[in-house]
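Topology and contacts: notes
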Amino acid sequence: QVRLVESGGGSVQSGGSLRLSCVASGDAISGCMAWARQPPGKEREGVAVIGNSGSTEYSDSVKGRFTISQDNAKKTLYLQMDNLKLEDTAMYYCVGDAACSYAFWSSPRAFRYWGQGTQVTVSS
């Protein structure tokens with residue numbers, strides 16, 4: 001049983017930065033944590049993943065601009081987003097599961113635990 005609560009979303013101009021946070025309660029952080037997003041009118045997509053060992057993976061669209069990290073002591077996951085673009089506008093979700101899987105990149109819904117989401121809106 002894991003509960004995830006995101007925060008830090010908001011409105012920002014293109015080129016700006018935001019930092020999202022996700023506080024976990026229950027059995028976390030233990031396995032695989034990630035961020036997914038759903039742009040308006042589009043399917044959900046994986047954004048970034050961090051394994052228990054600290055290894056990270058990013059989607060091509062955010063690579064070099066976003067950084068995923070975690071603080072195990074605080075059971076908090078972060079997503080630092082720099083040089084935001086209009087296409088980054090989406091509902092961002094904190095997600096997790098017992099283990100990482102490549103299935104996440106095909107369908108983020110493969111992960112078991114989801115937060116409620118936090119909205120990120122990038123304007124010109």
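See the structure above.
Read on for an overview of the structure. (Residues numbered from 1 in each chain as written. Predicted model: local features only at pLDDT ≥ 70, side-chain atom pairs only at ≥ 80, totals over all residues. Heavy atoms only, no water.)

Looking at the overall build of the protein chain
Cut-off, in case you're wondering: Only DSSP runs of H or I with at least four residues qualify as helices, and only runs of E with at least two residues qualify as strands; both kinds are numbered from the N terminus onward. Note on classification: 1.4 Å probe, protein chains only; a residue is buried when its accessible area is under 20% of the maximum for its type, exposed when over 50%, partly exposed between these limits. Contacts were defined at the residue level, with two residues in contact if any of their heavy atoms lie within 4.5 Å. For the accessible areas, the method is Shrake-Rupley and the probe is 1.4 Å, while residue cover comes only from the protein chains on display. Charge counting treats Lys and Arg as positive and Asp and Glu as negative, with His and both chain ends excluded. Working definition for charges: the position is that of NZ of Lys, CZ of Arg, CG of Asp or CD of Glu.
If you tally the helices and strands in the protein chain, you get 1 helix and 11 strands. In the protein chain, the succession of α and β elements from N to C terminus is β-β-β-β-β-β-β-β-β-α-β-β. Expressed along its principal axes, the backbone C-alpha trace of the protein chain runs to roughly 40 × 30 × 25 Å. By the burial criterion, 45% of the 124 residues in the protein chain qualify as buried. Considering only residue pairs separated by 6 or more positions, the protein chain has 60% of its internal contacts joining residues 24 or more positions apart. For the protein chain, the accessible surface area stands at approximately 6400 Å², while carbon and sulfur atoms represent 45% of it. Side chains of the protein chain give 12 positive and 11 negative charges; the mean places of these two sets differ by 4 Å.

So, the packing of aromatic side chains
Basically, it comes down to this: Stacked, edge-to-face and tilted labels apply to pairs of Phe, Tyr and Trp rings (six-membered ring for Trp) whose centres lie within 6.5 Å, assigned for plane angles under 30 degrees, over 60, and everything in between, in that order. Counted as over-ring charges are cases with an Arg CZ or a Lys NZ within 6 Å of the ring centre that also lie within 35 degrees of the ring normal.
This model, assessed by the stated rule, comprises 3 aromatic pairs. Relative to phenylalanine 111, the ring of phenylalanine 104 lies with its centre 4.8 Å away and its plane at 45°, an arrangement referred to as tilted. The residues phenylalanine 104 and phenylalanine 111 share a single accessibility class, namely buried. Members of the aromatic cluster, joined through ring pairs, are Phe104, Trp105 and Phe111. For arginine 44, the ring lying beneath its charged end belongs to tyrosine 93, and the centroid distance is 4.4 Å. Directly above the ring of tryptophan 114 sits arginine 44, whose terminal nitrogen or CZ lies 4.7 Å from the centroid.

Things to note about the state of the cysteines
Applied cut-off: Criterion for a disulfide: a pair of cysteine sulfur atoms at a distance within 2.5 Å.
Applying the stated rule across the entire model yields 2 disulfides. In this model cysteine 22 forms its disulfide with cysteine 94; the gap between the sulfur atoms is 2.0 Å. For the disulfide bridge between cysteine 22 and cysteine 94, the dihedral angle about the S-S bond is near -75°, and by the sign convention the bridge is left-handed. A residue pair is termed long-range when its members are at least 10 positions apart, and cysteine 22 in strand S3 (residues 18–26) and cysteine 94 in strand S9 (residues 90–97) qualify at 72 residues. Just as cysteine 22 is buried, cysteine 94 falls in that class too. Between the sulfur atoms of cysteine 32 and its disulfide mate cysteine 100 the distance is 2.0 Å. Taking the torsion about the sulfur-sulfur bond, which here is approximately 95°, the covalent link between cysteine 32 and cysteine 100 counts as right-handed. Of this pair, cysteine 32 sits in strand S4 (residues 32–38) while cysteine 100 sits in the loop between S9 and helix H1 (103–106), and the two are 68 residues apart along the sequence. Its relative accessible area of 0% is what places cysteine 32 among the buried residues. Look at cysteine 100 and you get partly exposed, because its relative accessible area is 43%. If the cysteines joined by disulfides in the protein chain are listed in sequence order, their pairing comes out as 1-3, 2-4.

Here we look at the pattern of salt bridges
A side chain of one charge can pair with a side chain of the opposite charge if their charged atoms are brought near each other. Note the threshold: Any carboxyl oxygen of Asp or Glu within 4 Å of a side-chain nitrogen of Lys or Arg constitutes a salt bridge here.
Under the definition given, this model contains 4 salt bridges. Aspartate 88 is the salt-bridge partner of arginine 37, the closest N and O atoms lying 2.9 Å from each other. With arginine 37 in strand S4 and aspartate 88 in the loop between strand S8 (76–81) and S9, this residue pair connects regions lying 51 residues apart in the sequence. Each member of the pair arginine 37 and aspartate 88 is classed as buried. The partner of lysine 63 in a salt bridge is aspartate 60, with the nearest N and O atoms 3.3 Å apart. Across the pair, exposure class does not vary: lysine 63 and aspartate 60 are exposed alike. It is possible to trace a salt-bridge network through shared partners that takes in Arg37, Glu45, Arg65 and Asp88.

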